[in-house]
Each structure stands twice: as structure tokens, then as C-alpha cells.
Amino acid sequence: MVQRKEYLNQLIKWKDDNIIKVITGIRRCGKSTLLKQFQAKLLENGISEEQIVFVNFEDLEFEKLQDYGELYRYVSDRLQPGKMTYVFLDEIQNVDNYEKVVNSLQLKENVDIYITGSNAYLLSSELSTKLSGRYIEIKMLPLSFAEYCELKSLENKDELFAEYMRNGGFPYAVTMEDSEEKINMYLEGIYNTIVIKDIEERQKRKEKDPNKRKITDIALLNNIAKFLAGSIGNPVSVKSIADYITSSGRKISQNTVDDYISALIEPYIFYPVERYDVQGKQLLKSNRKMYIADTGLRRHILSRSSYDLGFTLENIVYLELFRRGYKTNVGKLGNLEVDFVAEKNGQKQYFQVTASMMEQTTFEREMKPLQNISDNYPKTVITLDRFTLGDYDGIKVVNAVDWLLDK
């Protein structure tokens with residue numbers, strides 16, 4: 001088992017602060033394991049088992065606690081007078097009105113609260129209002145390539161990266177040595193569980209929110225998922241998807257497509273990335289890009305033995321920037337495009353991503369947008385080849401594997 005050090009350090013940093021720690025991310029990315037690793041750290045540092053309350057709402061043992069009143073009584077009965085009690089509520093979205101429990105517990109002294117969720121509705125505007133800014137969100141993804149390498153004995157990092165691109169980084173899948181069939185079956189199970197669970201959640205919410213459209217057509221949802229997975233690295237719009245489906249013989253409205261896209265974004269399968277006008281310094285409203293939470297899951301959705309290497313690499317770079325805490329947009333520069341404009345702590349970086357820079361036309365095409373940016377923020381091209389690495393008038397060309405492993 002690999003320690004999720006970056007996420008663990010964030011929990012340690014916020015430990016004992018009177019603020020709710022919310023860990024979000026796609027199912028099976030390791031949220032429950034992270035909580036257990038943090039609990040082990042607490043025990044190592046002198047916290048007693050009685051001071052830890054852990055409830056996993058996917059476990060039938062705790063099914064009755066999905067009633068918020070029962071949950072509140074259960075946790076309250078286990079609070080330790082005069083000592084800090086650490087409360088962990090895993091997959092909290094299964095509890096209706098759970099925010100009442102969380103808010104009430106936070107009013108008490110010596111209670112440190114950690115919750116996880118696999119659906120973005122967990123942090124909807126309504127919930128954000130109810131928690132009144134008294135939470136921080138830790139956004140979790142499947143294993144990074146660096147974490148993947150920790151679990152593997154193979155020393156050739158380029159070979160490992162080819163495997164990582166193919167199979168992805170879901171922690172349990174990584175332990176399935178040399179069994180592509182088992183990995184495929186596992187990824188299929190994850191995808192089906194996400195789709196079914198999300199549909200259940202939306203049906204429940206529909207009863208409370210008339211603006212939420214029911215997701216009833218699984219075939220349509222899968223078709224849209226395939227379209228998005230196949231369009232990684234390309235701008236997409238609701239209209240383009242509606243036109244594509246209509247051209248295949250089924251008329252569909254843009255509103256319906258928009259609802260089904262939301263059903264794929266909410267459980268963190270896809271991440272939307274807006275376009276940014278580098279010269280005008282403003283976000284553009286049309287044709288955002290979509291990236292998927294895991295490249296192994298993408299391979300399952302597309303059902304292909306091989307596919308576009310460059311866009312798969314681009315997806316991995318996006319996820320790594322996300323892990324490193326960057327807010328990322330796609331850059332537009334006149335008729336040119338910068339793959340990523342990444343911002344963190346007020347500082348920008350520009351990234352181009354390409355499988356290879358060895359062809360002269362490719363080299364010139366990838367360099368041109370960065371050469372046309374007039375500011376002095378760092379500019380980098382990330383590539384799989386090792387023959388064009390170097391510094392070209394301030395634009396760095398780096399190898400993808402080295403960059404992903406660079407601490």
C-alpha cells in the first residue's frame with residue numbers, strides 16, 4: 001500500500017483546526033484508505049482508539065446511521081469529554097440532511113471532523129451556504145505516476161509509464177500484476193458503479209430539486225461518455241455533441257445533453273477546463289475541453305486496444321497540474337492554442353504537450369504559441385522523446401517521465 005503523502009500532509013496541516021475537512025474525488029481513488037492512513041498517524045502520536053469515530057456509509061454495518069438523527073446520536077455518544085475526538089464520515093452523500101449533523105458537531109468543543117464524498121453535489125452552492133465557508137476541500141485523484149512507481153519493482157521508468165498510460169492509477173488495479181483482463185473487469189465495475197450510484201443520487205435529488213433532470217437513458221449516458229473520452233484534448237460544446245447524436249439517428253436537445261454531461265462531471269469522471277484568452281486575459285464561454293480522471297478508465301470507455309498517444313499524455317499532464325495545486329485553463333492566442341495556462345499563488349506557467357518533438361513541423365508548431373507570448377512567465381514543452389530536450393530562448397523542452405517524477 002502506497003502512502004498518499006501529499007494528501008496526508010494536508011490532513012496533518014489542518015489537524016485540530018476548527019474547520020471541516022472535506023475530501024472529494026472519484027470512487028475507488030483511495031479516499032477511505034487515506035482516512036485509515038491518517039488514523040494510523042493519530043494512533044502513532046498518542047491519540048487513543050476511543051478518540052476516533054469512523055463511519056463508512058458504504059458498509060451495511062452502518063446502514064441505520066443513514067438517518068441523520070441516528071447518526072448524530074451515534075457520534076455524540078462517542079465524544080470524549082475533555083479530549084479531542086476525531087470524527088470520520090466516509091461517503092457522507094449517502095445521508096440525507098447530513099449537513100445538520102456536521103454543523104451541530106462542529107459547534108461542540110474538541111471535535112475534529114473529516115468527511116469524504118464521491119459526488120460534486122456534496123459541495124453544491126446550497127451546501128456551501130449551509131457550511132458558511134467553514135470547510136476546506138481536498139481534491140483527490142487516483143495514483144500519480146510517482147506513486148505508481150512506488151508500488152512497482154520495475155526500474156525502467158519509460159516502460160512503467162507505458163503501463164501507467166494503459167492501465168491508469170486506481171490503487172487496487174495497480175496491484176493486479178500482469179493481468180490486463182482482471183484490470184479491465186475491475187475498471188468496468190468502477191464505471192458501472194459510478195453510473196448506477198450517480199443515477200440513484202440524481203433520482204433522490206430530483207424529488208427535492210425540480211431543476212434536476214432525471215437520468216433515465218443509460219445508453220445515451222454511455223454514448224456521451226464515449227464522445228467525451230474520445231475528444232480528450234479537443235474543444236467540445238453541448239451543440240457539437242447534440243449534433244453528433246442527432247446525426248446518428250436520434251434527435252436530442254442541447255438541454256438534455258447538458259444534463260447528461262453534468263451527470264458525468266458530478267461523480268468526478270470528467271473534469272471541464274475552460275478556455276482562456278491569453279491576450280485579453282479573460283475566460284471564454286465557448287468550447288471548453290474535458291479531461292478524464294484516469295486514463296485506464298478512458299481505455300475502458302473507448303474499448304480500444306490502442307489510441308492517441310499525444311492526447312493521453314495531455315490528459316496525464318492535466319491531472320498532474322491539478323495534483324500540484326494549479327488552476328488550469330486552455331490558452332487561446334489568436335488562432336493559436338496553448339495546451340495549459342496554469343496558475344498558482346498568482347504565478348503563471350505555460351505548457352505545451354506533445355508525444356514527440358523530433359519532426360521539424362511538430363517542433364515549430366508546438367513552439368510557436370509559446371514564442372508569441374510576450375510575458376516572462378515560465379514556458380515549457382512536455383514530450384515523451386529525449387532527443388529534443390533543452391532550453392530554446394527561454395522555452396524549456398522536458399521529458400514527460402522526468403517531469404512527472406520531479407519533486
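Residues numbered from 1 in each chain as written. Predicted model: local features only at pLDDT ≥ 70, side-chain atom pairs only at ≥ 80, totals over all residues. Heavy atoms only, no water.

Of the regular secondary structure elements, the protein holds 16 helices and 13 strands. Scaling as 2.2 N^0.38, a compact globule of 407 residues should have a C-alpha radius of gyration of about 22 Å, and the protein matches this with 22 Å. With respect to the principal axes defined by its C-alpha atoms, the protein has extents near 70 × 55 × 45 Å. Counting only residues that meet the buried cut, the protein has 52% of its 407 residues in that class. Sequence-distant contacts, at least 24 apart, represent 67% of the contacts inside the protein between residues at least 6 apart. Surface accessibility of the protein: about 19400 Å² in total, with carbon and sulfur atoms responsible for 46%. Positive and negative charge centroids in the protein, built from 56 and 60 side chains respectively, lie 4 Å apart. (Helix = DSSP H or I, 4+ residues; strand = E, 2+ residues; numbered from the N terminus. Rg over C-alpha atoms; globule rule 2.2 N^0.38 Å. Buried < 20%, exposed > 50% of the residue type's maximum accessible area, 1.4 Å probe, protein only. Contact = heavy atoms within 4.5 Å. Areas by Shrake-Rupley, 256 points an atom, 1.4 Å probe, with all protein chains shown as cover. Lys, Arg positive; Asp, Glu negative; His and termini not counted. Charge placed at Lys NZ, Arg CZ, Asp CG, Glu CD.)

As a further point, take the environment of Lys100. Mapped onto the elements of the fold, Lys100 is located in helix H4 (residues 98–106). Each C-alpha atom of the pair Lys100 and Ile245 lies 42 Å from the other, and the pair is 145 residues apart in sequence.

Over its 15 residues, helix H14 (residues 309–323) extends 21 Å from the first C-alpha to the last, a length consistent with the 21 Å expected when each residue adds 1.5 Å. In terms of residue burial, H14 counts as a mostly covered element, since 12 of its 15 residues are buried. Looking at H14, one finds that the buried residues are Thr312, Leu313, Glu314, Asn315, Ile316, Val317, Tyr318, Leu319, Glu320, Leu321, Phe322 and Arg323. The first or second residue beyond H14 is Gly325, which carries a positive phi of 90 degrees. (Expected span 1.5 Å × (residues − 1).)

Attention now goes to the pairing of strand S11 (residues 379–383). Burial analysis of S11 places 5 of its 5 residues in the buried class, the great majority of the element. Residues Lys379, Val381 and Thr383 point to one face of S11 and Thr380 and Ile382 to the other, with burial holding for every one of them. Sheet analysis places strand S10 (residues 347–354) next to S11, joined by 5 bridges and oriented parallel. Paired with Gln352 across the strands is Val381, a residue of S11. In this fold, the crossover linking S10 to S11 by way of helix H15 (residues 360–371) has right-handed handedness. (Pairing = 2+ DSSP bridges. Right-handed = clockwise from strand over helix to strand, strands pointing away.)

Right, let's get into the packing of aromatic side chains. Evaluated as defined, the whole model comprises 20 aromatic pairs. Between the aromatic rings of Phe38 and Tyr114, the centroid separation amounts to 5.1 Å while the plane-to-plane angle is 50 degrees, which identifies the pairing as tilted. Linking Phe38 in helix H2 (residues 31–44) with Tyr114 in strand S4 (residues 111–117), this pair joins segments that are 76 residues apart in sequence. Comparing Phe38 with Tyr114 shows no difference in burial state: the two are buried. (Phe/Tyr/Trp six-rings, centres within 6.5 Å; stacked < 30°, edge-to-face > 60°.)

This part covers unusual backbone geometry. Phi is positive for Asn345, close to 55 degrees, though the residue is something other than glycine. In this structure, Asn345 sits in the loop between strand S9 (336–344) and S10. Among the residues examined, Asn345 registers a relative accessible area of 74% and is labelled exposed. Its identity is not glycine, yet Asp393 carries a phi of approximately 55 degrees, on the positive side. Here Asp393 falls in the exposed class, since its relative accessible area comes to 84%.

Here the focus is the packing of helix H10 (residues 218–230) against helix H13 (residues 295–302). The contact between H10 and H13 brings their axes to 9 Å, and the two run at 125 degrees. In terms of orientation, H10 lies oblique with respect to H13. H10 and H13 meet at a crossing whose hand is left-handed. Along the contact surface, H10 presents Ala225, Lys226, Ala229 and Gly230, while H13 presents Arg298, Ile301 and Leu302. Looking at the contact of H10 with H13 residue by residue, the class counts come to 4 nonpolar, 1 polar and 2 charged. (Axes fitted to C-alpha atoms, helices over the stretch in contact; angles between N-to-C directions. Parallel < 35°, antiparallel > 145°, perpendicular 65-115°, else oblique. Left-handed = near helix turned anticlockwise from the far one by under 90°. Nonpolar A, V, L, I, M, F, W, Y, C, P; charged D, E, K, R; others polar.)

So, about empty space enclosed by the protein. This structure, assessed with the given rule, holds 2 cavities of 30 Å³ or more. What the largest cavity holds in volume is close to 50 Å³. In terms of lining, the largest cavity is formed by Pro142, Leu143, Tyr164, Gly168, Gly169, Ala293, Asp294, Thr295, Ile316, Leu319 and Arg323. If one sorts the elements of the lining of the largest cavity by residue count, H14 sits on top with 3 residues. There is about 40 Å³ of room inside the second largest cavity. Lining of the second largest cavity is provided by Arg27, Ser118, Asn119, Ile194, Lys197, Asp198, Glu201 and Pro267. (1 Å grid on protein atoms, 1.4 Å probe; cavity = no way out; pocket = protein on both sides within 12 Å on 5 of 7 lines; lining within 4 Å. Points joined across faces, edges and corners; volume = space filled by probe spheres on them.)

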